[in-house]
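Residue-level structure breakdown
Chain residues, written in single-letter form:
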Amino acid sequence: MTQRTQMSAQQDAFFKRLRSGEWELPPGIRNLGIRPQDWLKEVSYGHVYYEWPNDGSRDIGPDRVFGGWVAGLSDHIVSMTMASALEEGEWFTTTELQTRIFRPVPNGLIRIEGRLISRGKTSGFVEADWRDEKGRHLVRVSAAKAIRTMEELNLKR
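The chain appears in an unreviewed UniProt entry as Thioesterase family protein from Hyphomonas polymorpha PS728.

Quick look at the structure:
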């Protein structure tokens, strides 16, 4: 069996809609103020790169982002990483999310890179790392994803 290195046509179309703002954001993403149409800079099979311009509006203290926000944005990013590695007719659900905050997330441009670690038939494992403008490692996120058919998850194509 050959390992895939390109996104499926379904996922190419999904990311095109996501990046153009045509994709209707789910309420949880929209209500958190996550803006993938602005922050997603690169996507390829098993990889995403985001730039989040942290303006302090999600701080819990000076130069210290609320940990719940970090986890919420992280879940979105590792989810989009998993989405980039799906086959036609597949989608996924998060079964485990771990967020490790190594140092406070400061104001300024935050670079976040997600990568696929392992992809099986029914599960995937993804990670993401957050870095500040100085290149300091701020956060490591890891997530397990259950891969299912869209029909199993009651989703429309």
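Details of the overall build of the chain
Broken down by element type, the chain carries 4 helices and 8 strands. Listed N to C, the secondary structure of the chain is α-α-α-β-β-β-β-α-β-β-β-β in terms of helices and strands. Scaling as 2.2 N^0.38, a compact globule of 157 residues should have a C-alpha radius of gyration of about 15 Å, and the chain matches this with 15 Å. Each principal axis of the C-alpha atoms in the chain carries an extent, and together these give about 50 × 30 × 25 Å. Per-residue burial for the chain yields a buried fraction of 43% across its 157 residues. Residue pairs in contact within the chain that sit at least 24 positions apart in sequence constitute 66% of those at least 6 positions apart. Looking at the chain as shown, the accessible area adds up to about 8,400 Å², and 48% of this sits on carbon and sulfur atoms. Side-chain charges in the chain split into 23 positive and 21 negative, and the spacing between the mean points of these groups amounts to 1 Å.

A few points about the packing of aromatic side chains
All chains considered together, the criterion is met by 8 aromatic pairs. Through pairs of rings, three or more aromatic residues link up here, namely Phe14, Phe15, Trp23, Trp91 and Phe92. The ring centre of Trp69 lies 4.1 Å from the NZ or CZ of Arg58, which sits over that ring.

Comments concerning the UniProt feature "domain: Thioesterase" (unreviewed entry) in the chain
Those places that UniProt annotates as "domain: Thioesterase" (unreviewed entry) correspond, in this numbering, to residues 65-136. Annotated as residues 65-136, this span is 24% helix and 47% strand, and its ends, taken at the C-alpha atoms, are 15 Å apart.

Section: the nonpolar core
For soluble globular proteins, the rule of thumb is that nonpolar side chains tend to be buried together. Of all hydrophobic cores here, the largest spans 40 residues; its most connected members are Phe15, Trp52, Leu73, Val105, Ile112 and Trp130. When residues of this core are traced back to their parent elements, those giving at least two are helix H1 (9-20), strand E1 (40-44), strand E2 (47-54), helix H4 (67-83), strand E5 (90-101), strand E6 (108-119), strand E7 (123-131) and strand E8 (137-149). Broken down by element, this core gets its largest block of residues, 8 residues, from H4. Every residue in contact with Trp52, bar those within four places of it in the chain, is listed here: Trp39, Arg58, Val65, Trp69, Leu73, Val105, Gly108, Leu109, Ile110, Ile112 and Trp130.

Regarding the pairing of E7
Two strands pair when backbone bridges link them, and E6 and E7 are joined in this way by 8 bridges, in the antiparallel orientation. Across the sheet, Gly114 pairs through a bridge with Ala128, a residue of E7. Remark: 3 residues form the turn of the hairpin made by E6 and E7, two consecutive strands paired antiparallel. Between E7 and the antiparallel strand that follows it, E8, lie 5 residues; Gly135 among them carries a positive phi value of about 85°.

Topic: the side chain of Asn54
Here Asn54 is to be found in strand E2. Here the side chain of Asn54 touches Gly56 through a polar contact of 3.0 Å, landing on its backbone nitrogen. Here Asn54 is in contact with Asp59, Val65, Val105, Pro106, Asn107, Gly108 and Ile110, once residues within four sequence places are set aside.

Rules and cut-offs
- Residues numbered from 1 in each chain as written.
- Predicted model: local features only at pLDDT ≥ 70, side-chain atom pairs only at ≥ 80, totals over all residues.
- Heavy atoms only, no water.
- Helix = DSSP H or I, 4+ residues; strand = E, 2+ residues; numbered from the N terminus.
- Rg over C-alpha atoms; globule rule 2.2 N^0.38 Å.
- Buried < 20%, exposed > 50% of the residue type's maximum accessible area, 1.4 Å probe, protein only.
- Contact = heavy atoms within 4.5 Å.
- Areas by Shrake-Rupley, 256 points an atom, 1.4 Å probe, with all protein chains shown as cover.
- Lys, Arg positive; Asp, Glu negative; His and termini not counted.
- Charge placed at Lys NZ, Arg CZ, Asp CG, Glu CD.
- Phe/Tyr/Trp six-rings, centres within 6.5 Å; stacked < 30°, edge-to-face > 60°.
- Lys NZ or Arg CZ within 6 Å of the ring centre and 35° of its normal.
- UniProt positions renumbered as here; feature names shortened; annotations may be inferred.
- Core = buried A, V, L, I, M, F, W, Y, C linked by side-chain atoms within 4.5 Å.
- Pairing = 2+ DSSP bridges.
- Polar contact = N/O pair within 3.5 Å; in protein donor to acceptor, adjacent residues only side chain to side chain.

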